[in-house]
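Listed below, chain by chain, are the residues.
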Amino acid sequence: MPAMSNSQTIAVQLEKVRDKVPLLYERDDVLLSMIQQRGDVEKVSSRAMRLPLQVNPGGKAGSYNADGGDLGRGSGTAYDVATISPVFYRFAVEITKLVEYATNAREKAIENAAKKEVANGMKQFRAFLDKLIQTAGNGVLGSIATGGITGTTFTMNVPSGAALVYVGQTIQIYDSTLTTNRGTANVVACDPITAQTITVDAVPAGTVVGDLLVHD
């Protein structure tokens, strides 16, 4: 009778699971936090809000003859006004009832997936808004560079490159004038560090170099 081997005891061995889940992707919201910390938030209706702006200085500086010389004419500060309207955004997360049931106790899982997903969703939503406020205000997250279409991978123009999208995001692809919608695609991979590339699940028909990537 041979000695008992390890393979014969696998069924009774305990599996050790680390009870921490490290974050392995970028989810910063530095700029958004800086803006929110200002505290001067206004509640508005659906009508455009007026923002008075002080745009140019007034007054004419210079030397003069203090022995009765003419001080000359002056000028005044220039003001202008900007108007803004509310824009609405949503962030959808979805789980099944089984996910909720299978992870709602420490005996079942190291995390409560339902509660964790709500927390993850809010943090990712903040990261999305942080990316969005670094654009020109038209929802454009980047543009396809010259020679930048290889299969389902786009090489993006810098400075934004691939930094303003995230894996799993649904994007729309428009022509360079933002008038023709080529269609939608899902981001399956991106490299915002070195290659500045974005890979999608399928390239909408008609997509060409110079097209713009816009949020869903």
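Residues numbered from 1 in each chain as written. Predicted model: local features only at pLDDT ≥ 70, side-chain atom pairs only at ≥ 80, totals over all residues. Heavy atoms only, no water.

Of note, the amide linkage connecting Val158 to Pro159 takes the cis form, showing an omega dihedral of 20 degrees. Assignment of secondary structure puts Pro159 in the loop between strand E4 (153–156) and strand E5 (170–174). A positive phi angle, near 60 degrees, is found at Leu178, a position not held by glycine. Take Leu178: it is sitting in the loop between E5 and strand E6 (181–191). With relative accessibility at 32%, the residue Leu178 sits in the partly exposed group. Phi at Gln196 takes a positive value of approximately 55 degrees, unusual for a residue other than glycine. Looking at where Gln196 falls in the secondary structure, it is placed in the loop between E6 and strand E7 (197–200). (Helix = DSSP H or I, 4+ residues; strand = E, 2+ residues; numbered from the N terminus. Buried < 20%, exposed > 50% of the residue type's maximum accessible area, 1.4 Å probe, protein only.)

To continue, consider the sheet that holds E5. Backbone hydrogen bonds hold the strands of a sheet together, and the pairing may be parallel or antiparallel. Strand order in the closed barrel formed by six strands is E3-E4-E7-E6-E5-E8, with antiparallel pairing between adjacent strands. Across the sheet, the axes of successive neighbouring strands diverge by a mean angle of 45 degrees, strand direction being ignored. The sheet contact formed by strand E3 (residues 140–150) and E4 spans three bridges and is antiparallel. Bridging across to E4, Thr150 finds its partner in Thr153. (Pairing = 2+ DSSP bridges. Axes fitted to C-alpha atoms, helices over the stretch in contact; angles between N-to-C directions.)

On to the packing of aromatic side chains, then. Overall, the coordinates contain three aromatic pairs when judged by the stated rule. A ring pair is formed by Tyr89 and Phe128, whose centres lie 6.1 Å apart and whose planes are at 70 degrees; its orientation type is edge-to-face. Highlighted residues: Tyr89 in the loop between strand E2 (78–84) and helix H2 (97–102) and Phe128 in helix H3 (residues 113–132), separated in sequence by 39 residues. Aromatic side chains Phe125 and Phe128 sit 6.4 Å apart centroid to centroid with 15 degrees between the ring planes, which places their arrangement in the stacked category. Note that Phe125 and Phe128 are positioned in helix H3 at a spacing of three residues, about one turn of the helix. Given a relative accessible area of 15%, Phe125 falls into the buried group. Its guanidinium or amino end placed over the ring of Tyr101, Lys108 lies 3.7 Å from that ring's centre, counting from NZ or CZ. (Phe/Tyr/Trp six-rings, centres within 6.5 Å; stacked < 30°, edge-to-face > 60°. Lys NZ or Arg CZ within 6 Å of the ring centre and 35° of its normal.)

Computed from the structure, the largest pocket encloses a volume of approximately 1,200 Å³. For the largest pocket, the lining is made up of 26 residues, of which Ile35, Ile84, Ser85, Val87 and Ile133 are closest to its centre. Looking at the lining of the largest pocket, the elements with two or more residues in it are helix H1 (30–36), strand E1 (49–56) and H3. Take the lining of the largest pocket: its biggest share by element is three residues, from H1. Taken together, the residues of the lining of the largest pocket sort by class into 15 nonpolar, eight polar and three charged. There is about 430 Å³ of room inside the second largest pocket. (1 Å grid on protein atoms, 1.4 Å probe; cavity = no way out; pocket = protein on both sides within 12 Å on 5 of 7 lines; lining within 4 Å. Points joined across faces, edges and corners; volume = space filled by probe spheres on them. Nonpolar A, V, L, I, M, F, W, Y, C, P; charged D, E, K, R; others polar.)

A cluster of nonpolar residues, Val30, Leu31, Met34, Ile35 and Ile133, forms a patch on the protein surface that exposes about 430 Å² of accessible area. Tracing the backbone through its elements, the reader meets Ile133 in the loop between H3 and E3. (Patch = residues over 30% accessible without salt bridge, like charges linked within 9 Å, V, L, I, M, F, W, Y side chains within 5 Å. Areas by Shrake-Rupley, 256 points an atom, 1.4 Å probe, with all protein chains shown as cover. Salt bridge = Lys/Arg side-chain N within 4 Å of Asp/Glu carboxyl O.)

Counting buried positions along E5 yields four of five residues, so the element is predominantly enclosed. With five bridges connecting them, E5 and E6 associate as antiparallel partners. Residue Ile171 lies in a different strand from E6, and its bridge partner there is Ala185. Where E5 and strand E8 (residues 212–215) come together, four bridges link them in antiparallel fashion. From the neighbouring strand, Ile171 faces E8, where its bridge partner is His215.

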